[in-house]
Amino acid sequence: MNRIMICPLLAFLHRVLGLEIQFMYTARIAHLAFNTCAYYVNQLDPDHHLNDRFVFVFGADPCNKQLFRMWKRHVRFIESRFVLFWFNADLDYLLTKKFIGYLPFVHTEFKVIDQAPALMFTDEEEAKGRALLDHMGIGADDWFMCFQSRDSAYQRQIRGLDENRSSVHSKIDAYMDAAQLISSMGGFAIRVGWGFAEKIDTHGDPHIIDYARDYRTDFGDIYLSGKSRFVISTTGLFAVPPLFKVPVVFANSMPPRIWPIGRHSLMVPKLFKDKRTGAIVPFSVLNEYGALSYARPEIVRWRHPNTLVEYGLEVVDNQPDEIKGAALDMINHTEGREPSREALEVQEFYK
């Protein structure tokens, strides 16, 4: 029915009226944040081409109901599980049609994400968030940061899939020095994430909280991301804080291309080692390999472990002192202290 009746009708309406059907990418939180934000900003622009076409946006079954609920306040879309089922049931075929697809996102929307209006919580949500913080022992005058690593738990526990990209994982232990630094400065360090393979050892420190294990909810994920002083993240949740103008330390990022996480954020990419010589591979060489490209085929290729085998590369995770150093840099930044001249030169060189 889809290929014989529905698609030909939609193709006709596209030719005659310029009709397009786009879908919110609701299955993963980074896409739900970034893709929708880019559409939101373009929707606000009276000169943008979105306003010259008949575009119908659909969404349903979100990975995070709170963020989905907040987008409903700002983005014009139709919530329909039936239409989403139709889309997913013949996905590969439908994605070949130029008038059907996901909300577009090409990973280079740096200014769009940075200049987007900040999302806000309602008074009711603020009260609910305050109750969550009270429940975790965080007072009204306290400050906190959130941290997260990527492991196999989300794929296995939540999506029921085998993990085939271990190169993008990192050990949660590598983040604990940063958490202890925050505690020593009087703040709270909150381990966030949906699913986890490793528990954290807080050593009885009440300022280090395993929210992912003991408190996690869809609402809490978004509220903590939006109220944190900054967030250290390795995976999808890193896309949420920029929606609230909260800076991110994107630790253990892989591959090391730049992401649109706001002008005040920092990146601490994984490095690559030549398995034959043991030498660290320079970014200039990685660029020649295509690791820094924003072309979609290259983005997909560098997510696959066979690419590392092809070039004889081994991933080198960030060390605890590197993540701790990035946390200290972010503390200095949020308190108005500039980096050293040498650090500024390096940051400028690598954009």
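Here is a short report on the structure shown in this document. (Residues numbered from 1 in each chain as written. Predicted model: local features only at pLDDT ≥ 70, side-chain atom pairs only at ≥ 80, totals over all residues. Heavy atoms only, no water.)

**A look at the pairing of strand β12 (residues 313–316)**
Residue alternation in β12 divides its side chains into a buried set, Leu313 and Val315, and an unburied set, Glu314 and Val316. Inspection of the sheet shows strand β11 (residues 271–274) paired to β12 by 4 bridges, in the antiparallel sense. Of the residues in β12, the one forming a bridge with Leu271 is Val316. (Buried < 20%, exposed > 50% of the residue type's maximum accessible area, 1.4 Å probe, protein only. Helix = DSSP H or I, 4+ residues; strand = E, 2+ residues; numbered from the N terminus. Pairing = 2+ DSSP bridges.)

**Quick word on the pattern of salt bridges**
On inspection of all chains with the given rule, the structure shows 17 salt bridges. As a salt-bridge pair, Glu126 and Lys227 come within 2.8 Å of each other at their nearest N and O atoms. Taken together, the positions of Glu126 in helix α7 (residues 123–135) and Lys227 in helix α11 (residues 218–227) put the pair 101 residues apart, joining distant regions of the chain. With relative accessibility at 25%, the residue Glu126 sits in the partly exposed group. (Salt bridge = Lys/Arg side-chain N within 4 Å of Asp/Glu carboxyl O.)

**With respect to the sheet that holds strand β2 (residues 54–59)**
Across the sheet, which stays open at both edges, the 4 strands sit in the order β3-β2-β1-β4 with parallel pairing between neighbours. If you trace the sheet from one side to the other, it starts and ends with β3 (78–79) and β4 (100–102), each paired once. Here β2 pairs with β3 via 2 bridges, running parallel. When the bridges of β3 are listed, Phe58 appears paired with Ile78.

**Notes on unusual backbone geometry**
Leaving glycine out, the prevailing phi sign among residues is negative, and the prevailing peptide bond configuration is trans. In this structure, Pro255 follows Met254 across a cis peptide bond, with omega equal to -5°. Within the secondary structure, Pro255 sits in the loop between β9 (248–253) and β10 (266–269). Within the chain, His107 stands out as a residue other than glycine whose phi angle is a positive 75°. Backbone geometry at His203 places phi at a positive 55°, although glycine is not the residue there. Structurally, His203 can be placed in the loop between β6 (188–191) and β7 (208–209).

**Details of the packing of aromatic side chains**
Within a pair of aromatic rings, the relevant descriptors are the distance that separates the centres and the angle that separates the planes. Summed over the entire model, instances satisfying the criterion amount to 19 aromatic pairs. Judged by centre distance (5.3 Å) and plane angle (85°), the rings of Phe87 and Tyr102 are edge-to-face. Of this pair, Phe87 sits in helix α4 (residues 81–89) while Tyr102 sits in strand β4; the two residues are 15 residues apart in sequence, bridging distant segments of the chain. Cluster of aromatic residues (ring-pair linked, three or more members): Phe23, Tyr25, Phe58, Trp86, Phe87 and Tyr102. Sitting above the plane of the Phe219 ring, Lys128 keeps its charged end 4.6 Å from the centroid. Cation over ring: Arg216 sits above Trp194, and NZ or CZ is 4.8 Å from the ring centre. (Phe/Tyr/Trp six-rings, centres within 6.5 Å; stacked < 30°, edge-to-face > 60°. Lys NZ or Arg CZ within 6 Å of the ring centre and 35° of its normal.)

**As for the environment of Pro282**
The topology assignment puts Pro282 in the loop between β11 and α12 (283–289). Residue classification places Pro282 among the partly exposed residues on the basis of a relative accessible area of 43%. Separated by 212 residues in the primary sequence, Pro282 and Met70 have C-alpha atoms spaced 42 Å apart.

**A look at the packing of helix α3 (residues 65–72) against α11**
Where α3 meets α11, the axes come as close as 7 Å, and the angle between the chain directions of the two elements is 65°. Judged on the interaxial angle alone, α11 and α3 are roughly perpendicular. Contacts between α3 and α11 involve Lys65, Gln66, Leu67 and Met70 from the first element and Asp218, Phe219 and Ile222 from the second. Classifying every residue of the contact of α3 with α11 gives 4 nonpolar, 1 polar and 2 charged. (Axes fitted to C-alpha atoms, helices over the stretch in contact; angles between N-to-C directions. Parallel < 35°, antiparallel > 145°, perpendicular 65-115°, else oblique. Contact = heavy atoms within 4.5 Å. Nonpolar A, V, L, I, M, F, W, Y, C, P; charged D, E, K, R; others polar.)

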